[in-house]
Amino acid sequence: HAPVAWSGVPLVAMGVPEYASLGRRIETRDGARATVRYVGSVEGQDGEWVGVEWDDPSRGKHDGSHDGKRYFECAATDLEPGALPASFVRAHKIRPSVTFAAAIRAKYLDGKGAIAKVPKTRGADADADADDGDGEAYVQSSNGQKIEIELCLKKDDPVAALAALDRVYLPDAAVATAGAPGEASECGLVAARVRLMDLSGNL
């Protein structure tokens, strides 16, 4: 049997995508963010609905109840009795989100990603650069400042390229979950090597 909410309605209803399932963090197509609290039918309404608790409670229309029937509880109402932080929305109004591994594949395996560490160029300037870091690549600006550059991953050896990354940049990549158990750890990154990871703006 499919898992059910306390109301007895299936958590993932037919026609509702996995990224809109119960407990998921979501973003609507107008940029508002929320947490999914319910997925299923609503009495008196056609089709399947996604019940959400908005990050911005002022967007809400109710507290998880509709026409006298409670469909879900909201965390905000525990902190502020009488708050109305919830709404029902259609799944097509929710932007698709991705797992961490999917975001890594999308950015770093399509030739548009970046390796933050690369071997230094051997030559006359090698000794002068000896104290400048541990293998980053730079260009020199017109005023003499050194600017670190990012090099594109080699599409012909994606496993080696991912294993070489020590900085991972995935801001605003619609990451909502780590995925299934083990999925993130098997994405190709070497966790012990990563020194910086930017996940700002994700769900």
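Please refer to the structure placed before this passage.
Keep in mind the model is a prediction, meaning the values are calculated, not measured.

Criteria and cut-off values
Residues numbered from 1 in each chain as written. Predicted model: local features only at pLDDT ≥ 70, side-chain atom pairs only at ≥ 80, totals over all residues. Heavy atoms only, no water. Helix = DSSP H or I, 4+ residues; strand = E, 2+ residues; numbered from the N terminus. Buried < 20%, exposed > 50% of the residue type's maximum accessible area, 1.4 Å probe, protein only. Contact = heavy atoms within 4.5 Å. Areas by Shrake-Rupley, 256 points an atom, 1.4 Å probe, with all protein chains shown as cover. 1 Å grid on protein atoms, 1.4 Å probe; cavity = no way out; pocket = protein on both sides within 12 Å on 5 of 7 lines; lining within 4 Å. Points joined across faces, edges and corners; volume = space filled by probe spheres on them. Nonpolar A, V, L, I, M, F, W, Y, C, P; charged D, E, K, R; others polar. Pairing = 2+ DSSP bridges. Axes fitted to C-alpha atoms, helices over the stretch in contact; angles between N-to-C directions. Core = buried A, V, L, I, M, F, W, Y, C linked by side-chain atoms within 4.5 Å. Polar contact = N/O pair within 3.5 Å; in protein donor to acceptor, adjacent residues only side chain to side chain. Phe/Tyr/Trp six-rings, centres within 6.5 Å; stacked < 30°, edge-to-face > 60°. Lys NZ or Arg CZ within 6 Å of the ring centre and 35° of its normal.

1. Remarks on the overall build of the protein chain
On a plain count of helices and strands, the protein chain comes out with three helices and twelve strands. Counting the 203 residues in the protein chain, one finds 36% classified as buried. Intrachain contacts of the protein chain at a sequence separation of at least 6 include 61% that bridge at least 24 residues. Total accessible area on the protein chain stands at roughly 11900 Å², and carbon and sulfur atoms take up 53% of it.

2. Description of the layout of surface pockets
By volume, the second largest pocket amounts to about 320 Å³. In this structure, the second largest pocket is lined by 16 residues; those nearest its centre are Trp49, Lys61, Ser87, Phe88 and Val89. Those elements that place two or more of their residues in the lining of the second largest pocket are strand 3 (49-54) and strand 6 (86-89). For the lining of the second largest pocket, the residue count by class is five nonpolar, five polar and six charged.

3. Observations regarding the pairing of strand 3
For strand 3, the buried fraction is high: six of the six residues fall into the buried class. Along strand 3, one buried face is formed by Trp49, Gly51 and Glu53 and the opposite face, lined by Val50, Val52 and Trp54, is buried too. In this structure, strand 2 (residues 33-40) lies alongside strand 3, joined through six bridges in antiparallel fashion. Across the sheet, residue Val39 finds its bridge partner in strand 3, namely Val50. When strand 3 meets strand 6, the two strands line up antiparallel, connected through four bridges.

4. Observations concerning the sheet that holds strand 6
Reading across from one edge, 1-2-3-6 is the order of the four strands in this open sheet, with antiparallel pairing throughout. Single-partner strands in this sheet number two, and they are strand 1 (25-27) and strand 6. This sheet shows a mean twist of 45° between the axes of neighbouring strands, independent of strand direction.

5. A short note on the nonpolar core
Membership of the largest hydrophobic core comes to 14 residues, with the highest contact counts inside it found for Val50, Val52 and Ile94. Elements represented by at least two residues in this core include exactly strand 2 and strand 3. In this structure, Val50 is in contact with Val16, Ala20, Val36, Tyr38, Ser87, Phe88, Val89, Ala91 and Ile94, ignoring residues within four places of it in sequence. Membership of the second largest hydrophobic core comes to 13 residues, among which are Tyr108, Val168, Leu170 and Cys187.

6. Let's talk about the side chain of Ser87
For Ser87, the position within the fold is in strand 6. Given the relative accessible area of 5%, Ser87 is considered buried. Within polar-contact distance, the side chain of Ser87 engages the side chain of Trp54 at 2.8 Å. Excluding its chain neighbours within four sequence positions, the residues that come into contact with Ser87 are Val50, Gly51, Val52, Trp54, Arg59, Gly60, Lys61, His62 and Phe72.

7. Some words on the packing of aromatic side chains
Counting across every chain of the model gives five aromatic pairs. Measuring from centroid to centroid gives 6.1 Å for Tyr38 and Phe88, while their planes differ by 80°, and the two rings are edge-to-face. Of the two residues, Tyr38 sits in strand 2 while Phe88 sits in strand 6, which places them 50 residues apart along the sequence. As far as the burial class goes, Tyr38 and Phe88 line up, both buried. Measuring from centroid to centroid gives 5.8 Å for Phe72 and Phe88, while their planes differ by 90°, and the two rings are edge-to-face. Highlighted residues: Phe72 in the loop between strand 5 (69-70) and helix 1 (75-79) and Phe88 in strand 6, separated in sequence by 16 residues. Just as Phe72 is buried, Phe88 falls in that class too. Three or more aromatic residues joined by ring pairs make a cluster, and in this case those are Tyr38, Tyr71, Phe72 and Phe88. When the ring centre of Trp54 is taken as origin, the NZ or CZ atom of Arg59, which lies over that ring, is 4.5 Å away. Positioned above the aromatic ring of Trp49 is the side chain of Arg90, whose terminal nitrogen or guanidinium carbon lies 3.7 Å from the ring centre.

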